[in-house]
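Next come the chains, spelled out residue by residue.
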Amino acid sequence: MSEDARWLAGLGEQARARLPREVYDYVAQGAREGVTAGEAAWAWHGHRLHPHVLRDVTDVDLSVPVLDGRAGVPWGIAPTTLQGAVHPDGELAVARATAEVDGLMVLTSNAGVTVEEVAATGVRWWLQAYLPSDRTLAIPLLRRAVAAGAGAVVLTVDTPVVATKYAAERAAVERRHPDLVGTNLELAAPNAEKALDLGPHDLDWLRELTGLPVVVKGVLRADDAVRCVQAGAAAVWVSNHGGRQLDRAVATAAALPDVVAAVGGRAQVYVDGGVRSGIDVVTALALGADAVFLGRPVMWALVEGELGVARMHREIGVQTVETLRLAGCSSVSDARGLASPAGLRSLAQAADLQ
Ligand SMILES: Cc1cc2nc3c(=O)[nH]c(=O)nc-3n(C[C@H](O)[C@H](O)[C@H](O)COP(=O)(O)O)c2cc1C
């Protein structure tokens, strides 16, 4: 293992040492007992790769087709609030570093910077949205995002209510950083109740309002994935919100194969949750994901600002290329279908390694 691989693996510990306690806790924590948050990363160890050999892997192409073009790398930035609490340059540092690798950034609707500022960095970006009970309250931000050049809208559907967390409520962080929230918030209707009655018709509404492809984030079941496709979703995003919503929700590494099979190529499939290395990225791609998203690793890298996020992209890139070469793949699409669930014995060994 190189020094650099240790840097990536140790990011969380470094962040714990350097961030104020309530900021670290806010980012790290899961909902309730933290079962889902705790098992996300090791769940990827539960799959095994079936590598090809005797293939030319001199050149490896990391680019992938996404909804609004081709992204330079198959991993993107998942939407996370309060990036400015981790580093003063917050979302803009993440955007600049991600633009450098021609990557994709999904901007939370709770961002501490405006959509125009993010767009000005030149990064490919999509807007994540929650819908309030009164849908009309969401319209101003959505319109502004379209005007600023968002490439898609990501509707988060796993948050009818914000789940209870014990370590650090967001309000505690916001009290310490009152300047960091609210930039787009007056437009995102911060005080509005989140919708408890979201349904497939909301996808139509969003598509018609914005004219953009709609991604549904927070799907864990094959039958729901099919409902999303039937309702016109351009992509289904397998996520349990980093274990921050329904505790004891299934690991995304376990849910992904069924969703990929149910969608059957009719829409793109993305995944996030516990992806911490290039091997995790390739495992997700091998299971059929079209792209993979990172949440906490970005926050931990952001402790070192834009340079930290740039380094994270670099390290993930080096590991992803090495893994693809070892698996006999010269492109991301070559990896598709190369994974299968491990036997019980390997699963037990993976658990022992934790
Ligand atoms: C601090 C934090 C804030 C988050 N905020 C949002 C958000 O505003 N909207 C959203 O859809 N998901 C949000 N998420 C969930 C992430 O988009 C993503 O699903 C999750 O973090 C992926 O898991 P990982 O952290 O293990 O990579 C947040 C996650 C974290 C850790």
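Counting from 1, residues in each chain are numbered in the order their sequence is written. The predicted origin of the model limits local features to residues at a pLDDT of at least 70 and limits the giving and counting of side-chain atom pairs to 80 or more, whereas totals for whole chains, interfaces and linings rest on all residues. Only hydrogens and water are set aside; all other atoms, that is, all heavy atoms of the structure, feed into the side-chain values.

**Thoughts on the overall build of the protein**
No. 1: In terms of regular secondary structure, the protein is built from 18 helices and twelve strands.
No. 2: As a reference, a globule follows 2.2 Å times the number of residues to the power 0.38, and the radius of gyration itself is taken over C-alpha atoms. Scaling as 2.2 N^0.38, a compact globule of 354 residues should have a C-alpha radius of gyration of about 20 Å, and the protein matches this with 19 Å.
No. 3: When the backbone C-alpha atoms are referred to their principal axes, the protein occupies close to 55 × 45 × 40 Å.
No. 4: When each of the 354 residues of the protein is scored for burial, the buried share is 56%.
No. 5: It only takes one pair of heavy atoms within 4.5 Å for two residues to be counted as in contact. In the protein, the share of contacts with a sequence separation of at least 24, taken over all contacts with a separation of at least 6, comes to 75%.
No. 6: We get accessible surface area from the Shrake-Rupley algorithm with a probe of 1.4 Å; when it comes to residues, only the shown protein chains can shield them. Accessible area for the protein stands at about 15000 Å²; split by element, carbon and sulfur atoms hold 53% of it.
No. 7: Asp and Glu count as negative and Lys and Arg as positive, but His and the ends of the chain are not part of the count. All charge positions are set by atom: Lys at NZ, Arg at CZ, Asp at CG, Glu at CD. Between the centroid of the 32 positive side chains of the protein and the centroid of its 41 negative side chains there is a distance of 3 Å. In this description a helix means any DSSP run of H or I spanning at least four residues, a strand means any run of E spanning at least two, and both kinds are numbered starting from the N terminus. Between buried and exposed lies partly exposed: a residue is buried under 20% and exposed over 50% of the maximum accessible area for its type, with that area taken using a 1.4 Å probe on protein chains only.

**Comments concerning the nonpolar core**
No. 1: One finds Trp125, Trp126, Leu256 and Tyr270 to be the most contacted residues of the largest nonpolar core, which totals 109 residues.
No. 2: Take this core: its biggest share by element is six residues, from helix α13 (residues 252-263).
No. 3: Among residues more than four places away in sequence, those in contact with Trp125 are Leu104, Met105, Leu107, Val115, Val118, Ala119, Ala145, Ala148, Gly149, Ala150 and Gly151. Here, the term nonpolar core denotes a set of buried Ala, Val, Leu, Ile, Met, Phe, Trp, Tyr and Cys residues that are joined through side-chain atoms within 4.5 Å.

**Notes on the packing of helix α8 (residues 139-148) against helix α11 (residues 201-210)**
No. 1: Remark: α8 packs on α11, axes separated minimally by 10 Å, with the N-to-C direction vectors making an angle of 50 degrees. By the criterion of interaxial angle, the relationship of α8 to α11 is oblique. By crossing handedness, the relation of α8 to α11 is classed as right-handed. On α11, the residues touching Ile139, Leu142, Arg143 and Val146 of α8 are Trp205, Leu206, Leu209 and Thr210.
No. 2: Split into classes, the residues belonging to the contact of α8 with α11 amount to six nonpolar, one polar and one charged. Axis angles are defined between N-to-C directions and span 0 to 180 degrees, where every axis is a line fitted to C-alpha atoms and, for a helix, only to the segment in contact. An angle below 35 degrees is read as roughly parallel, one above 145 as roughly antiparallel, one from 65 to 115 as roughly perpendicular, and any other as oblique. Left-handed describes a crossing whose near helix is turned anticlockwise from the far helix through less than a right angle; right-handed describes the clockwise counterpart. All amino acids are sorted into three groups, where Ala, Val, Leu, Ile, Met, Phe, Trp, Tyr, Cys and Pro are nonpolar, Asp, Glu, Lys and Arg are charged, and the leftover types, Gly among them, are polar.

**Focus on the site of the ligand**
No. 1: Residues in contact with the ligand amount to 23 residues; listed here are only the nearest, Pro79, Thr156, Asp272, Gly274 and Arg276.
No. 2: Two N or O atoms form a polar contact when they lie within 3.5 Å of each other; inside protein one atom must be a possible hydrogen donor and the other a possible acceptor, and for residues adjacent in sequence the pair counts only when both atoms belong to side chains. Contact distances for the ligand include 2.7 Å between an oxygen atom and a backbone N or O atom of Pro79.
No. 3: Burial of the ligand by the protein amounts to 98% of the accessible area it has alone, namely 600 Å².
No. 4: At the level of elements, α3 (21-28) and α15 (296-302) are the ones that each hand at least two residues to the shell around the ligand.
No. 5: Across the shell around the ligand, the residue classes break down as seven nonpolar, eleven polar and five charged. Near, as used in this document, describes a residue that has one of its heavy atoms within 4 Å of the molecule or strand being considered.

**Some remarks on the environment of Thr58**
No. 1: Along the chain, Thr58 falls in the loop between β1 (47-49) and β2 (64-66).
No. 2: For Thr58, a relative accessible area of 53% corresponds to the exposed category.
No. 3: Each C-alpha atom of the pair Thr58 and Gly12 lies 33 Å from the other, and the pair is 46 residues apart in sequence.
No. 4: There is a polar contact of 2.4 Å between the side chain of Thr58 and the side chain of Asp56.

**Section: helix α2 (residues 11-18)**
In an α-helix there are 3.6 residues to a turn, and that puts residues three or four apart on one side.
No. 1: Looking at α2, one finds that the buried residues are Leu11, Gly12 and Ala15. Along α2, the residues classed as buried sweep out an arc of 95 degrees about the axis, all on the same side. For α2, the exposed residues set more than 90 degrees away from the buried face come down to Glu13 and Ala17. Here, the arc refers to the directions that run from the helix axis to the C-beta atoms.

**Some thoughts on unusual backbone geometry**
No. 1: You will see that Leu82, though not glycine, has its phi angle at about 60 degrees, which is positive.
No. 2: Tracing the sequence through the fold places Leu82 in the loop between β4 (75-77) and α5 (83-86).
No. 3: For Leu82, a relative accessible area of 4% puts it in the buried group.
No. 4: Backbone geometry places Asp102, a non-glycine residue, at a positive phi of 55 degrees.
No. 5: Here Asp102 shows up in the loop between α6 (90-100) and β5 (104-107).

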